[in-house]
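Working through the structure, step by step
So you can see what is in the structure, the chains are spelled out below.
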Amino acid sequence: QFAKPEDAVKYRKAAFTVMANHFGRISAMAQGKVPFDAAAASANAEIVATMAMLPFSAFPEGTHGTDKGTPKASVWSERAKFDEGAKALQAESVKLVAAAKSNNLDALKAAVGNTGKTCKSCHDNFRNE
Ligand code: ASC
């Protein structure tokens, strides 16, 4: 899939960047910062759910770091836990799509909260501060 480890790093960062951008647009609706628009929320949630499938095959051994935002070595020493976190994100982002399509702002707020928790949990465990 990747010729060089740096290619994997670039790829996973790109997927997380796109995911965060589109999750942010939905969060802004959930927080009342922009008007709730179910069609826009759905389109953005579909992108989040698709992006959520991509990064986790792009963590080849040895691509941890110590700088802020880089993965800790625990990604590899606790790989099963990391993979569980990935699955949780994927499951919650599928629910986010359903919530966005339901045209119910309270359901969307709940799903945004649950999805955001899966982001934060992995960051707390596996990402350098
Ligand atoms: C975001 C984003 C994250 C998560 C996290 C949730 O919008 O970029 O990494 O939400 O902050 O706690």
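Note that the structure is predicted; figures quoted are calculated from it, not measured.

1. As for the layout of surface pockets
When its volume is computed, the largest pocket comes out at roughly 650 Å³. Around the largest pocket sit 30 residues that line it, and F16, F59, G69, H123 and R127 are the ones nearest its centre. Mapped by element, the contributors of at least two residues to the lining of the largest pocket are α1 (5–30), α4 (79–101) and α5 (105–126). Residues of the lining of the largest pocket, tallied by class, amount to 16 nonpolar, ten polar and four charged.

2. With respect to the site of the ligand
In the vicinity of the ligand, the contacting residues are A20, F23, G116, C119, K120 and H123. Here G116 contributes a backbone N or O atom positioned 3.5 Å from an oxygen atom of the ligand. Protein chains shield 56% of the accessible area of the ligand, which is 310 Å² for the free molecule. When atoms are counted within 2 Å of each cavity's grid points, the one that captures over half of the ligand is the largest pocket. Listed by contribution, the elements that provide at least two residues to the shell around the ligand are α1 and α5. Ranked by the residues each element gives to the shell around the ligand, the list is headed by α5, at four residues. Class assignment for the residues of the shell around the ligand results in three nonpolar, two polar and one charged.

3. A few points about unusual backbone geometry
Most of the time, phi is negative for any residue but glycine, and the peptide bond is trans. Although it is not a glycine, N103 sits at a positive phi angle of roughly 60°. Relative to the elements of secondary structure, N103 occurs in the loop between α4 and α5. Of the residues examined, N103 reaches a relative accessible area of 53% and is grouped as exposed.

4. Examining the nonpolar core
Core analysis: the largest hydrophobic core is formed by 28 residues, its most contacted members being I26, L96, L108 and V112. For this core, the element with the most residues is α4, which contributes seven residues. If sequence neighbours within four positions are ignored, L96 has contacts with F23, I26, A45, V48, L108, A111, V112 and T115.

About the criteria used
- Residues numbered from 1 in each chain as written.
- Predicted model: local features only at pLDDT ≥ 70, side-chain atom pairs only at ≥ 80, totals over all residues.
- Heavy atoms only, no water.
- 1 Å grid on protein atoms, 1.4 Å probe; cavity = no way out; pocket = protein on both sides within 12 Å on 5 of 7 lines; lining within 4 Å.
- Points joined across faces, edges and corners; volume = space filled by probe spheres on them.
- Helix = DSSP H or I, 4+ residues; strand = E, 2+ residues; numbered from the N terminus.
- Nonpolar A, V, L, I, M, F, W, Y, C, P; charged D, E, K, R; others polar.
- Near = heavy atom within 4 Å.
- Polar contact = N/O pair within 3.5 Å; in protein donor to acceptor, adjacent residues only side chain to side chain.
- Areas by Shrake-Rupley, 256 points an atom, 1.4 Å probe, with all protein chains shown as cover.
- Sits in = over half its atoms within 2 Å of the grid points.
- Buried < 20%, exposed > 50% of the residue type's maximum accessible area, 1.4 Å probe, protein only.
- Core = buried A, V, L, I, M, F, W, Y, C linked by side-chain atoms within 4.5 Å.
- Contact = heavy atoms within 4.5 Å.

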